[in-house]
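A look at the structure
Read off the chains here:
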Amino acid sequence: MLRALASIYIEGQGVSRRDVFKVFRICAHSSAASDEQRTRKLRRYRTTVLSSTGAKTTKTKRSSHATFNKGEGESSQPPQPPRPPPPRPPRAWSALAALTALTASLGGVYWYRKMSEDVEEKNTTITSDEKKAEETVEIAIPAIGEALPAHVQYLLVGGGTASFAAMRAIRSARPDAQVLIVAAETALPYMRPPLSKELWREPDLAARATSPDALTFRQWNGRRRSVTYEPNAFYTPAEKLREGGAGAGVARGWRATRLDPARHSAELAAPGGATHTVTYDKCLIATGVRARRVAGLRAAAAAGRSLALRGVRDVARLAAALDDPAVRSVAVVGGGFLASELAVALADRLREDGKRVIQVFRESAPLAGVLPRYLADDVAVRLTAAGVELLPDAEVTDSSVRDGRVTVRLSSGERLEADLVVECVGSEPEAELARESGLELHPELGGVLVNAELQARSDVFAAGDVACFYDEALGRRRVEHHDHAVVSGRLAGENMAALAPPRHYQHQSMFWSDLGPRLGYEAIGIVDARLPTVGVFSADAVGDEAAETRAVAEVGASEAAPEAAREAAAGGGAPRRYERGVVFYVRERRVVGVLLWNLFNRMHVARQVLSQGEFDDLFEVAKLFSPHEED
């Protein structure tokens, strides 16, 4: 049944095909195959082949509504600090002098407080919940190190999904175990995917997000659920762990600053200077990643007008800033998953208030780094229809703030003005603990180097975003997906519990994204636009009137493009809309990634395809996904 993969790369000629495969429309960019292979293929399929080298370049147009300013901006000055308290009066030499001094002191205190209130009222320029959220000082729970246990069997550093999954696995294997989660945030372990999607449909988000333990959202099935995995009552108080009781506790607002793997000890620190040393039997590093910041937006960030989005506290700050009536325009910087998801969510949330959302990115189209060009163009059309103003081919070089407005300088020489900026330009691993502890880090991928059993050192494991693991099928990798955090954390916990021989990490993690109500996609493996791709789409799910099946196979720019393909691409016109299909990412004849475009409940098929890897005919493989069937 299967033929060589090279037979997919055919020239742009077509013949009729009268079998069941007419339900597909396949689109293709590729090189030529041999005459014999081409003849066999053309007898079976009617195809239109497009070439990435000969295709007509369709750049995403910059919105005409984007505001540019050629004037020079200035940074606003921070408010003056309050006056210092008056000096203490000299000691009294007599009772009368003491009474006089006491009266003067009370009067001075009243005068100082009154003046301080006046100064604060004059200097305050932001009175919204954003300022309150920004100035809130999080208090560690427990507040002192003496309340934490001196020794635990399992120490999990990090309060995210991977740590929570590891804790559940350990407690399932060893119900009498002592587990301590050390979480830098004061919130209980919670899920992050809703932070750029479902949460922005919630009313009163600015106030509700300040209490993440009680924050809920509505899922795709209409049911409500909590952002946190479990309520506070699920966890064991730290005091009980200190007394030797079993359970899983959370040190909220604490950080591990250094491990001593030889002595099996960890140094902890909390805001305010509290410290503690805890010994452990086994330790997991699951510190995750932090948001990468844009160097050109430092001035705006220092003024509080450029925010990042990583945790639930960032959601509270951003939501409070958006509620400010003075904020009429928001610039989302970045062209990846997070930026595109957030831009759509904010456009939907702010539409009724008449506020603008502008997405600024250096690529030619949104998600151009991960999607084939024709799908990236489709995403651009969808984002525009959702109310997002696109500003492609634009890289931020500098910024300034004046009168509460941000002036962003772009590499093109243009300037964009916005009331608020949100930075969504990727992330970097939180690897300081590993570095301070003498653990090995990957020089290119970043993160803690672990073996296939997720072990970095004797009795020290790593999981989640910060772990750089060895994939038997795809090589050394570091993955930042929710699914990976769940499965790698669970496996690390099982290997730490050691009820059975340690298992290798073989899971191929998947991820999903939603860009509005009409587009959702799932992917697994390596999804990179630099790889050759083969896309198969249902004939009734492509937004043009042609009825023939189309195949799309993208190859690198160095491949020669058939003349017929160039002619077909030149007459392509506006970007098409693709509703349902599957895209295969190929490296050295092996399928290393699968993208399901508006196709759901098929991930088990994608895993099987990725597991087998090599196929002679991806057209036949595409039938397994039934892209002609609507969900």
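These numbers come from a predicted model, not from an experiment. (Residues numbered from 1 in each chain as written. Predicted model: local features only at pLDDT ≥ 70, side-chain atom pairs only at ≥ 80, totals over all residues. Heavy atoms only, no water.)

The next point concerns the overall build of the protein. Counting its secondary structure elements, the protein contains 15 helices and 31 strands. Of all 631 residues assigned to the protein, the portion counted as buried reaches 52%. A sequence separation of at least 24 residues applies to 72% of the contacts in the protein between residues at least 6 apart. Summing over all exposed atoms, the protein offers an accessible surface of approximately 29,300 Å²; the carbon and sulfur share of this is 50%. (Helix = DSSP H or I, 4+ residues; strand = E, 2+ residues; numbered from the N terminus. Buried < 20%, exposed > 50% of the residue type's maximum accessible area, 1.4 Å probe, protein only. Contact = heavy atoms within 4.5 Å. Areas by Shrake-Rupley, 256 points an atom, 1.4 Å probe, with all protein chains shown as cover.)

Let us look at the packing of helix α4 (residues 161-173) against helix α12 (residues 482-497). Relative orientation of the contacting elements α4 and α12 amounts to 35°, with a least axis distance of 7 Å. Crossing handedness for the pair α4 and α12: right-handed. Side by side, α4 and α12 meet where Thr161, Ala162, Ala165, Ala166, Ala169, Ile170 and Ala173 of the first sit next to His482, Ala485, Val486, Gly489, Arg490, Gly493, Glu494, Met496 and Ala497 of the second. Its residues assigned to classes, the contact of α4 with α12 comprises 10 nonpolar, 4 polar and 2 charged. (Axes fitted to C-alpha atoms, helices over the stretch in contact; angles between N-to-C directions. Left-handed = near helix turned anticlockwise from the far one by under 90°. Nonpolar A, V, L, I, M, F, W, Y, C, P; charged D, E, K, R; others polar.)

Right, let's get into the pairing of strand β19 (residues 420-423). Covered by surrounding structure in β19 are Leu420 and Val422 together with Val421 and Glu423, the residues of both alternating faces. Alignment of strand β13 (residues 329-333) against β19, held across 4 bridges, turns out to be parallel. The residue of β19 that forms the bridge with valine 332 is valine 422. (Pairing = 2+ DSSP bridges.)

Okay, the pattern of salt bridges next. Summed over the entire model, instances satisfying the criterion amount to 28 salt bridges. Between glutamate 579 and arginine 518 there is a salt bridge, with the nearest N and O atoms lying 3.9 Å from each other. Within this pair, whereas glutamate 579 is found in the loop between α13 (563-570) and β30 (581-587), its partner arginine 518 is found in the loop between β26 (510-514) and β27 (520-525), the two being separated by 61 residues in sequence. Overall, the relative accessible area of 17% leaves glutamate 579 in the buried class. Sharing partners across several salt bridges, the network here consists of Arg290, Glu428, Glu430 and Glu432. (Salt bridge = Lys/Arg side-chain N within 4 Å of Asp/Glu carboxyl O.)

Along the chain, glutamate 230 turns up in the loop between β6 (224-226) and α6 (238-242). At a separation of 3.2 Å, a polar atom in the side chain of glutamate 230 contacts the side chain of arginine 168. Sequence-distant contacts of glutamate 230, that is, excluding residues within four places in its chain, are made with Phe164, Arg168, Leu188 and Tyr235. (Polar contact = N/O pair within 3.5 Å; in protein donor to acceptor, adjacent residues only side chain to side chain.)

Take the packing of aromatic side chains next. Aromatic rings considered in pairs are described by the distance between their centres and by the relative angle of their planes. Under the definition given, this model contains 11 aromatic pairs. Considering the side-chain rings of phenylalanine 234 and tyrosine 235, the 5.1 Å spacing of their centres and the 90° angle between planes classify their relative orientation as edge-to-face. Judged by relative accessible area, which is 8%, tyrosine 235 ranks as buried. A ring pair is formed by phenylalanine 469 and tyrosine 505, whose centres lie 5.1 Å apart and whose planes are at 85°; its orientation type is edge-to-face. You can see phenylalanine 469 sitting in strand β24 (residues 467-471) and its partner tyrosine 505 sitting in the loop between α12 and β26, a full 36 residues away along the chain. (Phe/Tyr/Trp six-rings, centres within 6.5 Å; stacked < 30°, edge-to-face > 60°.)

With that out of the way, let us pick up α4. Between its first and last C-alpha atoms α4 spans 18 Å; for 13 residues at 1.5 Å apiece the expected length is 18 Å, and the two agree. For α4, the set of buried residues is Thr161, Ala162, Ser163, Phe164, Ala165, Ala166, Met167, Ala169 and Ile170. (Expected span 1.5 Å × (residues − 1).)

Moving on, we get to the pairing of β27. Burial analysis of β27 places 6 of its 6 residues in the buried class, the great majority of the element. Between the antiparallel neighbours β26 and β27 lie 5 residues, among them glycine 516 with a positive phi of about 90°. As paired elements, β27 and strand β31 (residues 590-597) share 5 bridges and run antiparallel to each other. Residue pairing for β31: isoleucine 524 is matched across the bridge by valine 594.

In this structure, Leu155, Trp200, Leu371 and Trp597 are the most contacted members of the largest nonpolar core, which totals 126 residues. Apart from the residues within four sequence positions on either side, leucine 155 is in contact with Leu180, Val182, Ala266, Val278, Tyr280, Lys282, Cys283 and Leu284. Core analysis: the second largest hydrophobic core is formed by 21 residues, Val594, Val605, Ala606 and Val621 among them. (Core = buried A, V, L, I, M, F, W, Y, C linked by side-chain atoms within 4.5 Å.)

Spatially, 3 strands are ordered β21-β24-β25 in an open sheet, and the strand pairing comes out mixed. One side of each edge strand has no neighbouring strand; the edge strands of this open sheet are β21 (448-449) and β25 (475-477). Sheet topology note: the β24/β25 ladder contains 3 bridges and is antiparallel. Residue pairing for β25: phenylalanine 469 is matched across the bridge by arginine 477.

This next bit is on the confidence of the model for the protein. The predicted coordinates ought not to be read in detail in places where the model reports low pLDDT. For the protein, per-residue confidence averages 80 on the pLDDT scale, and 73% of positions sit at 70 or higher. Contacts for the low-pLDDT stretch residues 1-135, under 50 throughout, to residues beyond four places or in other chains number 252 contacts. Across residues 545-572, where pLDDT falls below 50, the model places 84 contacts with residues more than four positions away in sequence or in other chains. (pLDDT = per-residue confidence, 0-100.)

Here we come to the sheet that holds strand β16 (residues 396-402). If you walk across this open sheet you meet the 3 strands as β16-β17-β18, and the pairing is antiparallel. The strands lining the two open edges of the sheet, one partner per strand, are β16 and β18 (415-418). With strand direction ignored, the average angle separating the axes of adjacent strands in the sheet is 20°. Direction of pairing for β16 relative to strand β17 (residues 405-410): antiparallel, over a ladder of 6 bridges. Within the sheet, the bridge partner assigned to serine 399 lies in β17 and is valine 408.

Generally, phi is negative for residues other than glycine and the peptide bonds are trans, each holding for most cases. Across the junction of isoleucine 141 and proline 142, the peptide omega takes the value 0°, indicating a cis bond. Mapped onto the fold, proline 142 is located in the loop between α3 (129-135) and β3 (151-157). In this model, leucine 454 sits at a positive phi of 65°, which is unusual for a non-glycine residue. Mapped onto the elements of the fold, leucine 454 is located in the loop between β21 and β22 (455-457). The phi dihedral of asparagine 601 is positive, around 60°, even though this residue is not glycine. In this structure, asparagine 601 sits in the loop between β31 and α14 (603-612). Here asparagine 601 falls in the exposed class, since its relative accessible area comes to 67%.

A word on a negative patch on the surface. On the surface, Asp204, Asp323, Glu352 and Asp353 cluster together to form a negatively charged patch. Summarising the element assignment, aspartate 323 is placed in helix α8 (residues 312-323). (Patch = residues over 30% accessible without salt bridge, like charges linked within 9 Å, V, L, I, M, F, W, Y side chains within 5 Å. Lys, Arg positive; Asp, Glu negative; His and termini not counted. Charge placed at Lys NZ, Arg CZ, Asp CG, Glu CD.)

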